Amino acid sequence: MTRANPAGAPSEWRHFVLLFLGVAALAGLACIGFVAALDPYGLRAGPGRAPGPLMDGNQRFMYPQVARSGTYDGAVFGTSTLRLLDPAALERAFGGRFANLSMNAATPYEQAELARLYLRHNRPKALVFGIDPTWCEPEAAERRLTFRAFPAWLYRPDAAWAVLRQVNGQSVSTAADALLSRLGIVRARLAANGYAVFTPPEEFYDAARAQAHIRSARAAQAAAEAEPGYRPPPADAPMPALGWLDALLAQAPPETRTFVVFPPVHVAQQGAPGRPAAEREAACKAAVTRIGAAHGATVVDFRIPSPITRQDTNYWDPLHYRLPIAARIVADLKAAQESGRDDPEGSYRVLAHAP
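Let me sum up the structure you'll find in this document. (Residues numbered from 1 in each chain as written. Predicted model: local features only at pLDDT ≥ 70, side-chain atom pairs only at ≥ 80, totals over all residues. Heavy atoms only, no water.)

**A few points about the overall build of the protein chain**
Consideration 1: For the protein chain, the helix and strand inventory stands at nine helices and six strands.
Consideration 2: Along the first, second and third principal axes, the C-alpha atoms of the protein chain reach 95 × 55 × 45 Å.
Consideration 3: Across the protein chain, contacts joining residues at least 24 apart in sequence account for 78% of those joining residues at least 6 apart.
Consideration 4: Of the roughly 17,400 Å² of accessible surface on the protein chain, 58% is carried by carbon and sulfur atoms. (Helix = DSSP H or I, 4+ residues; strand = E, 2+ residues; numbered from the N terminus. Contact = heavy atoms within 4.5 Å. Areas by Shrake-Rupley, 256 points an atom, 1.4 Å probe, with all protein chains shown as cover.)

Structural data, given as structure tokens:
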């Protein structure tokens, strides 16, 4: 018996491999061209070229183009505790055009990187910085990122040359979504100014469910404090991330109206009086106040027991207030800036004031 070994087999195999590689190369080039043309992460955004539709679910990929666009002379930086501040309300209160660039669960490092990018490309009239306890954690300099992807290449000055960094499945999908948005088939995930209402519609508010979330958080905190190894940071422990805040405030133009805000979380999330957590919060607020005052910022503290923070029905959970409270915060910031005095109703304290 003889084995089949056609003389043309090696040539046919070589032809197949070359054809496969050629098709793969063409497909790759097509993907690169498609993504580059749609520019889903706004690498070409800048003055005179507005960012495209914001389609990626991770704000860390979407907001750099808003920061680089030069479209907004006011901006909010923080986490979800400031994300509900409506740019339209801020514009009515302070003028200009605002973007809300607060990112869900953003670390101080991520917030600072975005704010640095914004300040490189804009001369703002107004800035709002939200300060959560993470800004005062001793490990903040080491805990720079979360489980969410953070594309550092989008925050560099030479991002326009990073087109090859965005060639992957996620970018192709986001580019396709951007195309569908441009064609009017789907809506952008976020408004052009970065704003989105991430809480459920107000008509679906469930007070009992909110109270259950608040009770659960209070119980979890009590259980954590009861653990034998519980050792909260002492009041005088280092706060390395505040150096980033200091540098950002120094980078802002002298004429910029700057607010540093401690957002109003429910009292269940605040340090109980006399406990180490409360002493640490007080030390954090004192350090932030010194930095804010040194740079002419108005520092406003909503993170206190108050008519806002004691009322369960103002919240969806211990961290996230409802839309009417967001509107009140904007009005209170304007009142604090104009008067320089604490709220007569006790909803906020003015820790530093710049007329």
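**Examining helix 5 (residues 169-182)**
Consideration 1: Between the first and last C-alpha of helix 5 there are 20 Å, a value that for 14 residues agrees with the 20 Å anticipated at 1.5 Å per step.
Consideration 2: Every buried residue belonging to helix 5 is among Ser171, Thr174, Ala175, Ala178 and Ser181, and all of these are buried. On an axial view of helix 5, the arc spanned by its buried residues comes to 115 degrees, and they lie on one face.
Consideration 3: Gly184 sits one or two positions beyond helix 5 and adopts a positive phi of about 80 degrees. (Expected span 1.5 Å × (residues − 1). Buried < 20%, exposed > 50% of the residue type's maximum accessible area, 1.4 Å probe, protein only. Arc of directions from axis to C-beta.)

**Focus: the sheet that holds strand 2 (residues 98-100)**
Consideration 1: Spatial strand order, 2-1-3-4-5-6: six strands in an open sheet with mixed pairing. Where the open sheet ends on each side, the last strands, each with one partner, are strand 2 and strand 6 (349-352). Strand after strand, the sheet turns through a mean of 20 degrees between neighbouring axes, direction not considered.
Consideration 2: Bridging between strand 4 (residues 257-262) and strand 5 (residues 298-301) involves four bridges; their strand directions are parallel. By the bridge assignment for strand 5, Val260 is matched with Val299.
Consideration 3: Against the sheet, helix 9 (residues 323-339) engages strand 4, strand 5 and strand 6, with an angle of about 120 degrees to strand 4. (Pairing = 2+ DSSP bridges. Axes fitted to C-alpha atoms, helices over the stretch in contact; angles between N-to-C directions.)

**Let's talk about the nonpolar core**
Consideration 1: Ranked by size, the top nonpolar core spans 52 residues in total, and within it Phe77, Leu242, Leu245 and Val288 carry the most contacts.
Consideration 2: At the level of secondary structure, the elements contributing two or more residues to this core comprise helix 2 (59-68), strand 1 (74-77), helix 4 (108-121), strand 3 (126-130), helix 7 (242-251), strand 4 and helix 8 (276-294).
Consideration 3: For this core, the element with the most residues is helix 4, which contributes seven residues.
Consideration 4: For Leu242, the contacting residues outside a window of four places in its chain are Trp135, Cys136, Ala287, Val288 and Ile291.
Consideration 5: Counting 28 residues, the second-largest nonpolar core is a separate cluster that includes Val300, Ile308, Ala326 and Ile329. (Core = buried A, V, L, I, M, F, W, Y, C linked by side-chain atoms within 4.5 Å.)

**What to know about helix 2**
Consideration 1: Where burial is concerned, most of helix 2 is hidden: ten out of the ten residues are buried.
Consideration 2: For helix 2, the full list of buried residues reads Gln59, Arg60, Phe61, Met62, Tyr63, Pro64, Gln65, Val66, Ala67 and Arg68.
Consideration 3: The inward-facing, buried residues of helix 2 abut strand 2, helix 4 and helix 5.
Consideration 4: Near the N-terminus of helix 2, the side chain that reaches the backbone nitrogen of Arg60, with its oxygen 2.9 Å away, is that of Asn58.
Consideration 5: At the C-terminal side of helix 2, Gly70 shows a positive phi close to 75 degrees. (Polar contact = N/O pair within 3.5 Å; in protein donor to acceptor, adjacent residues only side chain to side chain.)

**Here we look at the pattern of salt bridges**
Consideration 1: One pass over the structure, following the stated rule, counts ten salt bridges.
Consideration 2: A salt bridge links Lys125 to Asp73; its shortest N-O distance comes to 3.6 Å. Here Lys125 is found in the loop between helix 4 and strand 3, whereas its partner Asp73 is found in the loop between helix 2 and strand 1, with 52 residues between them in sequence.
Consideration 3: Of the residues examined, Lys125 reaches a relative accessible area of 52% and is grouped as exposed.
Consideration 4: A salt bridge links Arg328 to Glu345; its shortest N-O distance comes to 3.3 Å. Note that Arg328 is positioned in helix 9 and Glu345 in the loop between helix 9 and strand 6, a separation of 17 residues in sequence.
Consideration 5: Taken together, the shared-partner salt bridges connect Arg328, Asp332 and Glu345 into one network. (Salt bridge = Lys/Arg side-chain N within 4 Å of Asp/Glu carboxyl O.)

**A look at the packing of helix 4 against helix 7**
Consideration 1: Viewed as axis vectors pointing N to C, helix 4 and helix 7 meet at an angle of 15 degrees, and their least axial separation amounts to 10 Å. Overall, the two elements helix 4 and helix 7 adopt an arrangement that is roughly parallel. Crossing of helix 4 against helix 7: the hand is left-handed. Across the interface between the two elements, Pro108, Tyr109, Ala112, Ala115, Arg116, Leu119 and Arg120 from helix 4 touch Trp244, Leu248 and Gln251 from helix 7.
Consideration 2: Taken together, the residues of the contact of helix 4 with helix 7 break down into seven nonpolar, one polar and two charged. (Parallel < 35°, antiparallel > 145°, perpendicular 65-115°, else oblique. Left-handed = near helix turned anticlockwise from the far one by under 90°. Nonpolar A, V, L, I, M, F, W, Y, C, P; charged D, E, K, R; others polar.)

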